[in-house]
Amino acid sequence: MANLLGALIGAAIDRGDGDSGIKGAIVGTVAESAIRFMAPIVATYALGWSVQYGIRKGWHAVIGEDPINDDGQLKARAA
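This one's a predicted model, so the numbers in the text were calculated from it and none came from an experiment.

*Asks:* Please clarify how the overall build of the protein should be interpreted in this entry.
*Replies:* The helix and strand inventory of the protein stands at two helices and zero strands. Counting over 79 residues, the protein shows a buried share of 14%. When contacts within the protein are restricted to residue pairs at least 6 apart in sequence, long-range pairs at least 24 apart make up 21% of them. For the protein, the exposed area adds up to about 6500 Å²; of that, 68% sits on carbon and sulfur atoms.

*Asks:* What should I look at first to understand a nonpolar patch on the surface in this one?
*Replies:* Together, F37, M38, I41 and V42 make up a nonpolar patch on the protein surface, roughly 390 Å² of accessible area in all. Relative to the helices and strands, M38 is located in helix α2 (residues 22–63). Note on M38: relative accessible area 39%, which makes it partly exposed.

*Asks:* Explain the environment of G24 here, please?
*Replies:* By the element assignment, G24 lies in helix α2. Sequence spacing of G24 and G10 is 14 residues, and the spatial spacing of their C-alpha atoms is 4.3 Å.

*Asks:* How should I be thinking about the packing of aromatic side chains in this particular structure?
*Replies:* All chains considered together, the criterion is met by one aromatic pair. Between the aromatic rings of W49 and Y53, the centroid separation amounts to 5.0 Å while the plane-to-plane angle is 15°, which identifies the pairing as stacked. With W49 and Y53 both in helix α2 and four residues apart, the pair spans about one turn of that helix. Take Y53: its relative accessible area is 40%, and that puts it in the partly exposed class.

*Asks:* Help me out: how do you make sense of α2 in this one?
*Replies:* The α-helix advances 3.6 residues per turn, and as a result positions three or four apart in sequence lie on the same side. Between its terminal C-alpha atoms α2 stretches 60 Å, which fits the 62 Å expected from 42 residues at 1.5 Å a residue. Of all the bends in α2, the greatest reaches close to 30° and is centred on M38; the proline P40 follows between one and four positions later. By the burial criterion, the buried members of α2 are G24, G28 and E32. Trailing α2 by a residue or two, G64 shows a phi angle of about 100°, which is positive.

The rules behind the values
Residues numbered from 1 in each chain as written. Predicted model: local features only at pLDDT ≥ 70, side-chain atom pairs only at ≥ 80, totals over all residues. Heavy atoms only, no water. Helix = DSSP H or I, 4+ residues; strand = E, 2+ residues; numbered from the N terminus. Buried < 20%, exposed > 50% of the residue type's maximum accessible area, 1.4 Å probe, protein only. Contact = heavy atoms within 4.5 Å. Areas by Shrake-Rupley, 256 points an atom, 1.4 Å probe, with all protein chains shown as cover. Patch = residues over 30% accessible without salt bridge, like charges linked within 9 Å, V, L, I, M, F, W, Y side chains within 5 Å. Salt bridge = Lys/Arg side-chain N within 4 Å of Asp/Glu carboxyl O. Phe/Tyr/Trp six-rings, centres within 6.5 Å; stacked < 30°, edge-to-face > 60°. Expected span 1.5 Å × (residues − 1). Bend = angle between axes of the 7 residues up to and from the residue.

Written out as C-alpha cells, the structure reads:
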C-alpha cells in the first residue's frame, strides 16, 4: 500500500507512451522508495548547512570579519 502512489503514477506515465504500464509501475515504485530514503538525508544536510551559514553570518556581523580563510580553513584566533 505504501508504494501504491508511486506505482500508479509510474504506470500512468508509461501508458502515455503506449506501453502496458507494468514497467512504469516498477520504475515508479523504485523512484518512490529512493525518494523516501533520500529525503531525510537531504533534509539533514540542508538543516546543517543553514545552521552553519547562520552562525557564520552572525559571527561576521558581531566581529566584522569572516572567520574563514580563502582556503576554507578557520582563521587562527588572535590572543
